[in-house]
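A closer look at the structure
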Amino acid sequence: MRQTTKLALALSLTTALTTAAFAAEVPAGTNLAEDQTYTYRLLDESSSLDPQLVEDTDGSGIVRDLFEGLYNQDGQGNRAPGVALSHEVSDDNMTYTFTLRKDAKWSDGTPVTAGDFVYAWKRAVTPELASPYAWYMELMSIKNGAEIIAGDKTPDELGVSAPDDHTFVVQLSQPLPYFADMVAHATTFPAPKWVIDAHGNEWTLPENIVGNGAYVLTEHVLKERSVRERNPMYWDNDNTVLEKVVALVIGDDAQGLTRYRANELDKTDIPAGQYPALKEELPDEAIAVPRLCNYYFSYNLDSGPEAFQDVRVRKALALALDREVIVNQVLQGGQFPAYNFTPAATAGFDVPEIDYAAMTQQERDAKAMELMAEAGYGKGGEPLAFTYLYNTSEAHQQVAIVATQMWKQKLGVDVTLENQEWKVFLENRGNQNFEMARGAWCGDYNEASTFLDLLVSSSGYNDAKYNNARVDELMAKAKSSKEAGPLYTEVEQILAEEMPVIPVYHYSANMMLKSNVKGWPVENVQQKYYSKDMYKVAE
Amino acid sequence: MLNYTLRRLMAVIPTILILIVFCFFLMRLAPGGPFTSERPLPPAVMKNVLERYGLDEPLYVQLWTYLKNIILHFDFGPSFSQKDRTVNDLIAQGFPVTLTYGFFSALFVLALGVPLGVIAALRHNSFWDYVMTGLAIFSQIFPNFVLAPIMVLLFTLSWGLLPGGGWNGGQWPYVIMPAVALGTSYMASVARLTRGSLLETLSAGYIRTARAKGLPERTVLIRHALKPALLPVISYMGPVFVYMITGSVFIDIFFSTGGIGQNFIDAAYTRDYAVILGLAILYSVLTFALLLIVDLIYAWIDPKIRSGL
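Residues numbered from 1 in each chain as written. Chains lettered and ligands numbered in written order. Predicted model: local features only at pLDDT ≥ 70, side-chain atom pairs only at ≥ 80, totals over all residues. Heavy atoms only, no water.

1. Here's the deal with the overall build of chain A
Rules: Only DSSP runs of H or I with at least four residues qualify as helices, and only runs of E with at least two residues qualify as strands; both kinds are numbered from the N terminus onward. The reference for a compact globule is 2.2 Å times residues^0.38; the radius of gyration itself is calculated from the C-alpha atoms. Between buried and exposed lies partly exposed: a residue is buried under 20% and exposed over 50% of the maximum accessible area for its type, with that area taken using a 1.4 Å probe on protein chains only. Whether two residues touch is decided by their heavy atoms; if any such pair falls within 4.5 Å, the residues are in contact. For accessible areas, the Shrake-Rupley method is used with a probe of radius 1.4 Å. Any residue's cover is judged against the shown protein chains and nothing else. Residues counted as positive are Lys and Arg, residues counted as negative are Asp and Glu, and His and the chain ends are not counted. To locate a charge, take atom NZ for lysine, CZ for arginine, CG for aspartate or CD for glutamate.
The number of helices and strands found in chain A is 17 helices and 20 strands. Against the compact-globule benchmark of 24 Å for 539 residues, chain A has a radius of gyration of 24 Å, which places it among compact chains. When its C-alpha atoms are laid out on the principal axes, chain A stretches across 75 × 55 × 40 Å. Each of the 539 residues in chain A was classed as buried or not, and the buried ones make up 61%. A separation of at least 24 residues holds for 71% of the contacts in chain A among residues at least 6 apart in sequence. Counting every atom, chain A has about 19,900 Å² of accessible surface; 47% of that belongs to carbon and sulfur. Here chain A carries 45 positive and 78 negative side-chain charges, and the mean point of each set is 2 Å from the other.

Written out as structure tokens, the structure is:
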């Protein structure tokens, strides 16, 4: 399988960041385009431009340009300095001390201080703000975070402090090996208290907003466009190249592609199923790169059909699924067949050896039939019939049809397909009101636990209601372990053995990107782009 | 007539109240809520979110608060999906867009549809009549979701004359395609309505009288025939105009105009209750207003109706 750059997650007492990738790296002699305006398509209007409130990926992209957190990510997804230059970790791994740069300024000229981070982090957990992303702060295990969200403590008791303007200290409630990587997330970005106090809920309007990122918001027409332009106060403005970034909200995929072809856009998404044709037509512009998301079928082990309690049935269905067909014939967008839960592109994660991954499909089918016969279901046994639930979408429907046909032909299993509108689907899936359901998950941070935590028995996202004490124990241990790799391997092996969910494929991001746009981080599996790292060359 | 107008206006208030109550409870029946997400919120976070938006209160309290805010502050509440904005903001930003291209679309419908119908009626059963009827049927069978992509292929991709979408502050190149795509099939209906109605009027007795009096044909046509002939067109255009300036969901999505139609769909999918309600109120107020205007125009045109008011 592909190997992408592995991020070293090991903790060291002092982590100095030496990587140079924190500005547009324009090779000497490059002929830059005269017009440095980059225009790209957004599927939806962003949920918010407030760093502590933003929930969606597209919105976070804009927020990353308008604000800068402690750390950024470079083109490979590695940590790069942001407002913080470096950090130190205490011996017990519970206290992080970040050293902030002295030349960082807000767009109104005010210096960026540690106090701005203290204010923002407390703001993120304040019950009155009610940020849906407060859970992220909880995930970061900041001392008292969970209690403040629950209303048992006041925001002032959050484990963050600023001993001086350029030192930001965070106390954790438990050691978290990947903590430093989590501060590249929008929820943790600083916020300008004086602006929020002055304008309240309207502080993110173009006429009010003050940010510390490489760009400032100059125009924002809801559901139509937002424009951001260079922030002259940004500490690294001299090395920023793009002058203007325009995000256009275009709901229709095909229309996005048409407008890309008409040169109205520099980047757009590829409509489902069109990747192969576009790759052939425009090989330099059609891109498919791994994305930190998985797609799986979830059994309902709580109140689903009796047959699902039999691990042989669960495994037989997983084995009989020809993922190559689904990926190469149905989806055709450079996705990766999945035999385990965590995408291989995840940093620090080695895909464990899983027996059925190495088999040929013929061997898998034979084994599936054998298991099914043993369990006494399907062809020649008790008839097995169940309903597969997915949310309404053509792509999901195609996957469902193909998968269930495979089961029908190979194992004689009858599956009824049922699709529901998104929120109805979520409501039913979340309440175990299904037999088998579609599942998908995108990593919140680049580490295997963001996926594997889903199958812990206490997880609110464990739709299968899978309950395995050993998995719970291993995942709890991984939280504070310096070398979590072997623990994840064991979890994945247990999952392959017990098959509470059927991994189907791991996502790829499909996009069209004009060949004169450089610096878009195709190698960053989280697709965290920063406009300040991009530039356009003359054609 | 003033009396009549006032009576009609008075009837609007209870109707809208009933509508609000009906919509309010209807949308709560849909499974899932504004904060149901793929990543279910932890209970403590969910509690805070519901509290912030008052969704933890009993339904009747929520309804009362909602009505009170509208009446006292003209405040239609916060949007749940666009967290930095209110429903007032969403409407204030989207409605002018839809109103602009809807207005030009209606103008296009009337400016092209009526003359085409008149020409066809006057040149009844001639070559021009057939051309017009053919054109009308042709445009009517092309729904806007077929016409719009074809227009974009031609005017944007092939000829590079017009932008493929967006609004850009409402500059005219951005208005043309949405207006035309939205209006074409209505234009065809208006042409056919005008033709049929004018033909009928032209065969009426009083037209013969007018002609017999020796009035010039122009006067007969414009003063005596066209005015009554346009009555069905006017009653047709009332609701169509409401549709044009509010509900053109397809046009808004396809051309990414940022208009109000997009909000209808988004709000329903995201269960953005306050936005759904706000739009329903906007839509019904507009419908009432335009229907009233249509009735008043009727009365102005037709003395028979006027005396009945």
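2. Let's talk about the state of the cysteines
Residues and elements named next belong to chain A. Where we set the bar: Two cysteine sulfur atoms form a disulfide, by the criterion used here, when they sit within 2.5 Å.
Per the stated rule, a full pass over the model turns up 1 disulfide over all chains. For Cys293, the disulfide goes to Cys442, at an S-S distance of 2.0 Å. Residues Cys293 and Cys442 are joined by a disulfide whose S-S torsion is about 105°; by sign, that bridge is right-handed. On the criterion of sequence distance, the pair formed by Cys293 in strand S13 (residues 286–299) and Cys442 in strand S17 (residues 436–442) is long-range, its members being 149 residues apart. On the accessibility criterion, Cys442 (27% relative accessible area) is partly exposed.

3. Focus: the domain arrangement of chain A
The figure often quoted for interface size is the accessible area lost as the parts come together. Residues and elements named next belong to chain A. How we decide: Domain start and stop positions are those given by an automatic or database domain assignment. Here the quantity called buried area is the accessible surface, traced with a 1.4 Å probe, that two parts lose on coming together, added over both. Within 3.5 Å is the distance limit for a polar contact, defined as a pair of N or O atoms, with the added protein rule that one can donate a hydrogen and the other accept it, and that residues adjacent in sequence qualify only through two side-chain atoms. Classification used: nonpolar for Ala, Val, Leu, Ile, Met, Phe, Trp, Tyr, Cys and Pro, charged for Asp, Glu, Lys and Arg, polar for all others including Gly.
Here chain A is partitioned into domain 1 (31–244 + 514–536) and domain 2 (290–509). The C-alpha centroid of domain 2 is placed 34 Å from the C-alpha centroid of domain 1. Note on domain 1 versus domain 2: buried area summed over both sides is about 1,300 Å², and carbon and sulfur give 57% of it. Considering only the side of domain 1, the residues that lose the most area to domain 2 are Tyr178, Val525 and Gln526, jointly responsible for 44% of the buried surface there. The tally of links between domain 1 and domain 2 comes to 5 residue pairs in polar contact (both at pLDDT 80 or more). Looking at the side of domain 1 that touches domain 2, the element that brings in the most residues is helix H3 (residues 134–139), giving 3 residues. Here the residues of the side of domain 1 that touches domain 2 sort into 9 nonpolar, 5 polar and no charged.

4. Structural notes on empty space enclosed by the protein
With a probe scaled to a water molecule rolled over the atoms, the places where space remains empty come into view. Residues and elements named next belong to chain A. Inclusion rule: Detection works on a 1 Å grid of protein atoms alone, calling trapped sets that fit a 1.4 Å probe cavities and calling open sets with protein on both sides within 12 Å along at least five of seven lines pockets, with lining residues defined by an atom within 4 Å of a point. Grid points are joined across faces, edges and corners, and a volume is the space filled by probe spheres set on the points.
Across all of its chains, the model carries 9 cavities of 30 Å³ or more by this definition. The volume enclosed by the largest cavity comes to roughly 100 Å³. Lining of the largest cavity is provided by 15 residues; of these, Gln73, Asp181, Ala184, Asn446 and Gln526 occupy positions nearest its centre. Looking at the lining of the largest cavity, the elements that each hand over two or more residues are strand S3 (71–73) and helix H5 (179–182). In terms of residue class, the lining of the largest cavity is made up of 5 nonpolar, 6 polar and 4 charged. Of the domains in this structure, domain 1 (31–244 + 514–536) and domain 2 (290–509) are the two that each give at least three residues to the lining of the largest cavity.

5. Here we look at the interface of chain A and chain B
To keep things clear, this is the line we draw: The rule for a salt bridge is simple: a side-chain nitrogen of Lys or Arg has to be within 4 Å of a carboxyl oxygen of Asp or Glu.
The partner chain B presents 45 residues to the 53 residues of chain A that form the contact. Here chain A meets chain B over a buried area of about 4,100 Å², counting both sides, of which 52% is carbon and sulfur. Its largest share of buried area at the contact with chain B, chain A owes to Leu222, Lys223 and Lys423 of chain A, together 18% of the area lost on that side. The salt bridge partner of Glu38 of chain B is Arg429 of chain A, with a shortest N-O separation of 3.7 Å. At the boundary of chain A with chain B, the tally comes to 27 residue pairs in polar contact (both at pLDDT 80 or more). Going through the elements one at a time, H3, strand S9 (215–221), helix H7 (253–261), helix H14 (422–430) and S17 of chain A are the ones with two or more residues in the side of chain A that touches chain B. It is H14 of chain A that contributes the most residues to the side of chain A that touches chain B, 6 residues altogether.

6. What to know about the packing of aromatic side chains
Under the convention used in this document: In this scheme Phe, Tyr and Trp rings, the latter by its six-membered ring, pair at centre separations within 6.5 Å, and the angle between planes marks the pair as stacked below 30 degrees, edge-to-face above 60, and tilted otherwise. Any Lys NZ or Arg CZ that is within 6 Å of a ring centre and within 35 degrees of that ring's normal is treated as a charge sitting over the ring.
Summed over the entire model, instances satisfying the criterion amount to 48 aromatic pairs over all chains. Aromatic pair Tyr101 of chain B and Trp167 of chain B: ring centres 6.1 Å apart, planes at 65°, arrangement edge-to-face. Of the two residues, Tyr101 of chain B is situated in helix H4 (residues 87–122) and Trp167 of chain B in the loop between helix H6 (144–158) and helix H7 (172–202); the sequence distance between them amounts to 66 residues. Cation over ring: Arg101 of chain A sits above Trp235 of chain A, and NZ or CZ is 3.3 Å from the ring centre.

7. Points about helix H12 (residues 260–270) of chain B
Residues and elements named next belong to chain B. All of the buried residues along H12 are Ile260, Gly261, Gln262, Asn263, Asp266 and Ala267. Residues of H12 that are buried in the fold lie against H4, helix H10 (231–246), helix H11 (249–254) and helix H13 (273–301). Arg271 lies just past H12 and shows a positive phi near 55°.

8. So, the layout of surface pockets
A volume near 940 Å³ is recorded for the second largest pocket. If you go around the second largest pocket, you meet 39 residues; those closest to its centre are Ser458, Ser459, Gly460 and Tyr461 of chain A together with Pro42 of chain B. Mapped by element, the contributors of at least two residues to the lining of the second largest pocket are H3, H14, helix H15 (449–452) and helix H16 (469–480) of chain A together with helix H2 (43–52) of chain B. Tallied by class, residues from the lining of the second largest pocket come to 18 nonpolar, 12 polar and 9 charged.

9. Digging into a nonpolar patch on the surface
For clarity, the threshold we go by: Patch definition: residues with relative accessible area over 30% and no salt bridge; like charges joined within 9 Å; nonpolar side chains (Val, Leu, Ile, Met, Phe, Trp, Tyr) joined within 5 Å.
On the surface, Phe145, Val146, Ile150, Leu153, Leu154, Leu157, Trp159 and Leu161 of chain B cluster together into a nonpolar patch covering about 730 Å² of accessible area. Following the sequence through the fold, Trp159 of chain B ends up in the loop between H6 and H7.

10. Here we look at the pairing of strand S6 (residues 95–100) of chain A
Residues and elements named next belong to chain A. Test applied: Two strands qualify as a pair provided that DSSP identifies no fewer than 2 bridges between them.
Burial along S6 is one-sided: the residues Tyr96, Phe98 and Leu100 are buried and none of Thr95, Thr97 and Thr99 is. Here strand S5 (residues 84–89) hands over to S6 after 5 residues, with Asn93 in that stretch at a positive phi of 60°. Relative to strand S8 (residues 167–171), S6 is paired through 5 bridges, and the arrangement is antiparallel. What sits directly across from Tyr96, in S8, is Val170.

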